[in-house]
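# Observations on the model geometry
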Amino acid sequence: MLTDDHKTRKLTAYWDDLVGGDTSQYKEAVLDHLITTYLPDCIETILDIGCGTSDIAFKHRDRLKASKFVCADYDAAIVERMKAEHAGQNVEWRVGDIFVIDQWEDRFDLVFLLDMIHEIYSFYGRVSRDAPGEIDHERGSKAVRDALASVARIVRPGGGIAITDNVLTAETGPVTVRMRTPQTRAAVERFLSEYPSRRMKVERPQDDVIVLAAHDFCILLTQYNKIKTGQEHRWRVEQLEIHQYLDEEGYRRLFDELGFDLHCVIGTPKPALDEWRSDFDVLAGLPDLPPKRVTLLATKRLG
Ligand SMILES: C[S@@+](CC[C@H](N)C(=O)[O-])C[C@H]1O[C@@H](n2cnc3c(N)ncnc32)[C@H](O)[C@@H]1O
C-alpha cells in the first residue's frame with residue numbers, strides 16, 4: 001500500500017519539523033483564539049484524530065482540564081512512540097483509520113483534525129492506492145466529505161471540530177508569476193518535473209515567468225521550498241500529498257450541510273509570506289499571493 005510506504009518515509013526529523021516550526025506556532029495561536037471565543041468553558045472530552053505527536057491537542061487538554069482525552073492515528077509507529085513518551089498520563093491511545101470511528105460509541109465535545117485531512121484527500125483520492133499516481137480531485141473530495149460526516153456524528157451538540165490545513169484560493173483562472181531568484185527557478189523546475197501527485201500544465205512566456213492555474217499555484221507554494229531549502233526528507237514525504245482541497249466557501253457549505261456553524265481564520269504566517277514575497281511576484285490573475293492556511297472551528301448546532 002502507498003500509505004505504508006508514506007508512513008515509513010516519516011523520519012524523526014519530519015515529526016520535529018511539524019511541531020517546531022513557525023506554522024505550528026501560528027496554528028496553535030489561532031486555534032486558541034477560536035476555541036476560547038466560540039466554545040463553552042466546560043469541555044470534558046477531547047479527541048485528536050491523525051494525532052501524530054499530538055502536541056497542540058495536549059496543550060488544549062491541559063488548558064481546558066478535559067477529563068477524557070483520546071489520541072488516534074492510523075500510523076501504529078507514531079502511536080507506540082507517543083504512548084511510551086506519555087506513559088502514566090491520563091490519555092488513551094488508539095491505532096485506527098478515521099473511517100473506523102463510525103464503530104465507536106464515544107461522543108466528544110471537541111475533535112481536532114490538525115493537518116491530517118489533506119492526507120485523506122491525497123491517499124483516498126488516488127485511483128490506485130498502491131501507486132504514487134495523480135490525485136483525483138473528485139475522489140479525494142468525496143473522501144473528505146465522508147470522513148467529516150462520520151466525525152460530525154461523534155461530536156456532541158454545542159461541541160466543535162477544529163481543523164488546520166492549507167487552503168485553496170477562490171480564484172480558478174490562470175496566474176502569471178515571476179520567479180525572482182535563480183534558486184526559486186531551480187526549485188520550481190524540479191518541483192514541476194518530479195511532483196507525482198499532480199501533473200501541472202505550465203506555460204513559460206519568459207525564462208523567469210510561469211503561467212499556471214491558481215489552484216496549482218497554491219499547491220506549488222506549499223511544496224517548492226522544501227526543495228529550495230534542501231529539506232529532502234520532507235520532500236520525500238510531502239511529494240505524495242496535496243495539502244489544499246477546499247476554499248473557504250467550500251468549508252462553509254460542507255459544514256452547513258453537516259449542521260455546523262463555521263468560524264474560520266484564513267491567513268499566512270509572516271515568515272512564510274516573507275519568503276514567498278522574496279521568491280515570487282504575481283504579475284496577473286490574482287490580486288496578491290494567495291493565503292496559505294485555514295484554521296477553523298465548526299460548532300455543532302443544538303437540536
Ligand atoms: C501531517 S501529520 C499531522 C500530525 C498532527 N495532527 C499535527 O498537526 O502535528 C498527519 C497525520 O494524520 C495521520 N493520518 C493520515 N490519514 C489518516 C487516516 N485516514 N486515519 C487516521 N490518521 C491518519 C498520519 O498518520 C499523520 O500522523
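Residues numbered from 1 in each chain as written. Predicted model: local features only at pLDDT ≥ 70, side-chain atom pairs only at ≥ 80, totals over all residues. Heavy atoms only, no water.

## Re the sheet that holds strand β8 (residues 209-213)
The strand order β7-β8-β6-β10 describes an open sheet built from four strands, whose pairing is antiparallel. Whereas interior strands pair on both sides, the edge strands pair on one side only; in this sheet they are β7 (203-206) and β10 (280-284). Across this sheet, the average inter-strand angle for adjacent strands is 30 degrees, counted without regard to direction. The sheet contact formed by β7 and β8 spans two bridges and is antiparallel. Residue pairing across strands places Q206 opposite V209, the latter belonging to β8. Together, β6 (174-179), β7, β8 and β10 form the strand contacts of helix α8 (residues 182-194), whose direction differs from that of β6 by roughly 135 degrees. Along the sheet, helix α12 (residues 270-279) makes contact with β6 and β10, crossing β10 at roughly 65 degrees. (Pairing = 2+ DSSP bridges. Helix = DSSP H or I, 4+ residues; strand = E, 2+ residues; numbered from the N terminus. Axes fitted to C-alpha atoms, helices over the stretch in contact; angles between N-to-C directions. Contact = heavy atoms within 4.5 Å.)

## A word on empty space enclosed by the protein
Evaluation of the coordinates by the stated rule reveals one cavity of 30 Å³ or more. Every residue lining the largest cavity is listed: V167, C218, L221, T222, Q244, W276, P290, P291 and K292. Here the lining of the largest cavity takes three residues from helix α9 (residues 214-228), the largest share from any one element. When the residues that make up the lining of the largest cavity are grouped by side-chain class, the tally is six nonpolar, two polar and one charged. (1 Å grid on protein atoms, 1.4 Å probe; cavity = no way out; pocket = protein on both sides within 12 Å on 5 of 7 lines; lining within 4 Å. Points joined across faces, edges and corners; volume = space filled by probe spheres on them. Nonpolar A, V, L, I, M, F, W, Y, C, P; charged D, E, K, R; others polar.)

## A closer look at the side chain of R9
Inspection of the secondary structure puts R9 in the loop between α1 (2-8) and α2 (12-20). Given the relative accessible area of 14%, R9 is considered buried. (Buried < 20%, exposed > 50% of the residue type's maximum accessible area, 1.4 Å probe, protein only.)

## Some points on the pattern of salt bridges
By the definition in use, this model includes 31 salt bridges. Here D109 makes a salt bridge to R156, at a shortest N to O gap of 3.1 Å. With D109 in strand β4 (residues 108-114) and R156 in strand β5 (residues 155-166), this pair connects stretches of sequence that are 47 residues apart. Take D109: its relative accessible area is 11%, and that puts it in the buried class. In this structure R156 comes out as partly exposed when scored by relative accessible area, which is 35%. Its salt-bridge partner being R301, residue D256 comes within 3.1 Å of it at the nearest N-O pair. You can see D256 sitting in helix α11 (residues 248-257) and its partner R301 sitting in the segment after β11 (293-300), a full 45 residues away along the chain. For D256, a relative accessible area of 44% puts it in the partly exposed group. Since its relative accessible area comes to 31%, R301 is described here as partly exposed. Several salt bridges converge on common partners, so that one network encompasses K68, E92, R94 and D106. (Salt bridge = Lys/Arg side-chain N within 4 Å of Asp/Glu carboxyl O.)

## Remarks on the UniProt feature "domain: Methyltransferase" (unreviewed entry) in the protein
Mapped onto this structure's residue numbering, the UniProt feature "domain: Methyltransferase" (unreviewed entry) falls at residues 46-119. Annotation note: span residues 46-119, helix share 31%, strand share 28%, distance between end C-alpha atoms 21 Å. (UniProt positions renumbered as here; feature names shortened; annotations may be inferred.)

## Digging into the site of the ligand
In the vicinity of the ligand, 18 residues are found, and the nearest of them are K27, G50, D73, I98 and L114. Note that a nitrogen atom of the ligand is positioned 2.7 Å from one of the backbone N or O atoms of G50. Within the complex, 97% of the 600 Å² of free accessible area of the ligand lies under protein. No other element matches the three residues that α2 contributes to the shell around the ligand. Its residues placed into classes, the shell around the ligand shows eight nonpolar, three polar and seven charged. (Near = heavy atom within 4 Å. Polar contact = N/O pair within 3.5 Å; in protein donor to acceptor, adjacent residues only side chain to side chain. Areas by Shrake-Rupley, 256 points an atom, 1.4 Å probe, with all protein chains shown as cover.)

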